[in-house]
Amino acid sequence: MEVDKPTPKDNEVLIKVYATTVNRTDCGFRSAEYFISRFFSGLLRPKNKTLGNEFAGEIDAIGRNVTLFKTGDKVFGYNDTKFGAHAEYMTMMEDEAITTMPSNLTYEEAAPITEGGHYALCDLRAAKIKSGQKILINGATGAIGSAAVQLARHFGASVTAVCNTQNIELIKSLGADVVIDYSKEDFTKINQTFDIVFDAVGKSSFGRCKPLLNKKGIYMSTELGKNSENIFLALITPLFGGKKVLFPIPTISKKDVVFLKELVENNKYKPVIDRRYTLEQIVEAYKFVETGQKTGNVVVTLT
Ligand SMILES: NC(=O)c1ccc[n+]([C@@H]2O[C@H](COP(=O)([O-])OP(=O)(O)OC[C@H]3O[C@@H](n4cnc5c(N)ncnc54)[C@H](OP(=O)(O)O)[C@@H]3O)[C@@H](O)[C@H]2O)c1
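Residues numbered from 1 in each chain as written. Predicted model: local features only at pLDDT ≥ 70, side-chain atom pairs only at ≥ 80, totals over all residues. Heavy atoms only, no water.

Student: Where do I start with the site of the ligand in this structure?
Tutor: Close contacts around the ligand come from 21 residues, with Arg 24, Thr 141, Tyr 182, Glu 223 and Lys 294 the closest. Tyr 182 has a polar side-chain atom sitting 2.5 Å from an oxygen atom of the ligand. In the environment of the ligand, an oxygen atom lies 3.1 Å from a nitrogen or oxygen atom belonging to the side chain of Gln 293. Look at the ligand: alone it shows 910 Å² of surface, and the protein chains cover 87% of it. For the shell around the ligand, the secondary structure elements donating two or more residues are helix H1 (24–31), helix H4 (115–126) and helix H5 (143–154). The class makeup of the residues in the shell around the ligand is 6 nonpolar, 10 polar and 5 charged. (Near = heavy atom within 4 Å. Polar contact = N/O pair within 3.5 Å; in protein donor to acceptor, adjacent residues only side chain to side chain. Areas by Shrake-Rupley, 256 points an atom, 1.4 Å probe, with all protein chains shown as cover. Helix = DSSP H or I, 4+ residues; strand = E, 2+ residues; numbered from the N terminus. Nonpolar A, V, L, I, M, F, W, Y, C, P; charged D, E, K, R; others polar.)

Student: Just checking my understanding: could you explain the nonpolar core for this structure?
Tutor: For soluble globular proteins, nonpolar side chains are generally found buried alongside one another. Counting 47 residues, the largest nonpolar core has Ile 113, Ile 135, Ile 137, Val 149, Ala 152, Ile 171 and Phe 198 as its most contacted members. Once residues lying within four places of it in the same chain are set aside, the contact partners of Ala 152 are Leu 124, Ile 129, Ile 135, Ile 137, Ala 157 and Val 159. (Core = buried A, V, L, I, M, F, W, Y, C linked by side-chain atoms within 4.5 Å. Buried < 20%, exposed > 50% of the residue type's maximum accessible area, 1.4 Å probe, protein only. Contact = heavy atoms within 4.5 Å.)

Student: Any chance you could explain the packing of aromatic side chains here in plain terms?
Tutor: Here a ring pair, both rings aromatic, is described through the centre-centre distance and the interplanar angle of the planes. Tallying each qualifying case throughout the model produces 5 aromatic pairs. Ring centres of Phe 155 and Phe 259 lie 6.4 Å apart, and the angle between their planes is 10°; on these two criteria the pair is classed as stacked. Taken together, the positions of Phe 155 in the loop between H5 and strand E7 (158–163) and Phe 259 in helix H9 (residues 254–265) put the pair 104 residues apart, joining distant regions of the chain. On the accessibility criterion, Phe 259 (22% relative accessible area) is partly exposed. (Phe/Tyr/Trp six-rings, centres within 6.5 Å; stacked < 30°, edge-to-face > 60°.)

Student: Could you clarify how one ought to interpret the packing of H4 against H9 in this entry?
Tutor: The relative placement of two packed helices is expressed as an angle between their axes plus a distance between the axes. Remark: H4 packs on H9, axes separated minimally by 11 Å, with the N-to-C direction vectors making an angle of 100°. Considering the angle they form, H4 stands roughly perpendicular to H9. Residue-level contacts link Gly 117, His 118, Leu 121 and Arg 125 of H4 to Asp 256, Phe 259 and Leu 260 of H9. Here the residues of the contact of H4 with H9 sort into 3 nonpolar, 2 polar and 2 charged. (Axes fitted to C-alpha atoms, helices over the stretch in contact; angles between N-to-C directions. Parallel < 35°, antiparallel > 145°, perpendicular 65-115°, else oblique.)

Student: I would appreciate a short explanation of the sheet that holds strand E11 (residues 244–246) in the present structure.
Tutor: Two modes of strand pairing occur in sheets, parallel and antiparallel, and in both the strands are linked by backbone hydrogen bonds. Spatially, E8-E7-E6-E9-E10-E11 is the arrangement adopted by the 6 strands of the open sheet, whose pairing is parallel. The open sheet terminates on both sides in strands that have one partner only, identified here as strand E8 (178–181) and E11. Taking each pair of neighbouring strands and ignoring which way they run, the sheet shows an average axis angle of 20°. The sheet contact formed by E7 and E8 spans 4 bridges and is parallel. From the neighbouring strand, Thr 160 faces E8, where its bridge partner is Val 178. Packing of H5 onto the sheet brings it into contact with strand E6 (134–138), E7 and strand E9 (194–199), and relative to E6 it is tilted by some 165°. (Pairing = 2+ DSSP bridges.)

Student: Whenever I open this one, the environment of Asn 167 confuses me. Can you help?
Tutor: Mapped onto the elements, Asn 167 comes out in the loop between E7 and helix H6 (168–173). Note on Asn 167: relative accessible area 11%, which makes it buried. Distance in space between the C-alpha atoms of Asn 167 and Val 22 is 21 Å, their sequence separation being 145 residues. Setting aside residues up to four positions removed in sequence, Asn 167 forms contacts with Thr 141 and Thr 295.

Student: For this particular structure, what's the right way to read the state of the cysteines?
Tutor: The term disulfide refers to a covalent linkage connecting the sulfur atoms of a pair of cysteines. Scanning the entire structure with this criterion turns up 0 disulfides. The closest cysteine sulfur to the non-disulfide-bonded Cys 163 is located on Cys 209, 16 Å from its own sulfur. Residue class for Cys 163 comes out buried when judged on its relative accessible area of 1%. Classification of Cys 209 by relative accessible area gives buried; the value is 0%. (Disulfide = S-S within 2.5 Å.)

Student: Is there a simple way to think about the environment of Gln 133 in this case?
Tutor: Among the secondary structure elements, Gln 133 is positioned in the loop between H4 and E6. A relative accessible area of 15% means that Gln 133 is categorised as buried. Linking Gln 133 and Asp 195, residues 62 residues apart in sequence, is a C-alpha distance of 6.1 Å. If sequence neighbours within four positions are ignored, Gln 133 has contacts with Lys 128, Ala 157, Ser 158, Asp 195 and Ile 196.

Student: Could you clarify how one ought to interpret the pairing of strand E2 (residues 54–62) in this entry?
Tutor: On a regular strand, one side chain projects to one face of the sheet and the next to the other, so that they alternate. As paired strands, strand E1 (residues 12–22) and E2 are joined by 7 bridges and run antiparallel to one another. Counterpart to Val 17 in the pairing with E2 is Gly 57. Both E2 and strand E3 (residues 74–78) contribute to a ladder of 5 bridges, which runs antiparallel. Looking across to E3, one finds that Glu 58 is bridged to Lys 74.

Right, here's the structure in full:
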């Protein structure tokens, strides 16, 4: 539908969006899959009718107090408080999660940097991942998983990744040292231990992964688990000093976006792109993303 072009407030920039993504965050908010999300997105109906959290585009206008950007700057970033990137124009406060585009990427390549990237970054930072540690990443083909493989590798960890048969070579190319094909082997039954088990697709449980953890090993999942057990386990297990569950609340700031941009510019991180759609095809894009089977990211281009 046609909506009004937003007007930037004094501390906001108006962005002409050239590329965005449809991702699992959009799907979660669209469907209110978890009831709790309604407290953020609107109890009875969505507060923000235009979804879209990742964007890459150009500054079209600036509010009168804006000092960090000027008209014509190419920018990218993330907004999961107001959303709005599934439209030709959106606004952001200049001090939010937005910065200038990496010099080496197109709009389509820059749009998917932040969603999976910041979730992976939050989890790896919460686990205090260090060089020389061993991490197992399940769901390595997802937006979060494919970012986590690259970031864990950047932090110097040795990465064992779990994915489907057709993406083994892709996941190796992202930096995984060992790849387990989940259609041939149950990763929870392998005879090895890790400092961190990160289930980036939320298909396992702490109970099943416990044998894979070192004495003080950390289990993390992107899903709440059965009866939201991961929340309770994250509160209780750290009290005992042994194997524990972490469930960090994801956050993103301008600093994080700049951090990811610098990794991109140094060829340490590049978002994986699966399918591309136009804005007119966005319903198809949602249907595909909701299968839970995309490889990396789904990009939507706007002209
Ligand atoms: N609550 C929120 O706001 C929120 C936000 C973002 C993400 N999340 C959750 O985090 C999870 C990951 O998100 P994402 O964006 O990375 O997902 P995604 O991009 O949709 O990717 C999921 C990946 O997991 C793979 N997969 C499916 N079953 C698997 C299995 N049994 N073992 C290993 N890999 C498997 C899929 O490929 P194949 O099926 O082809 O193997 C797909 O590549 C999702 O569960 C999502 O709901 C929640």
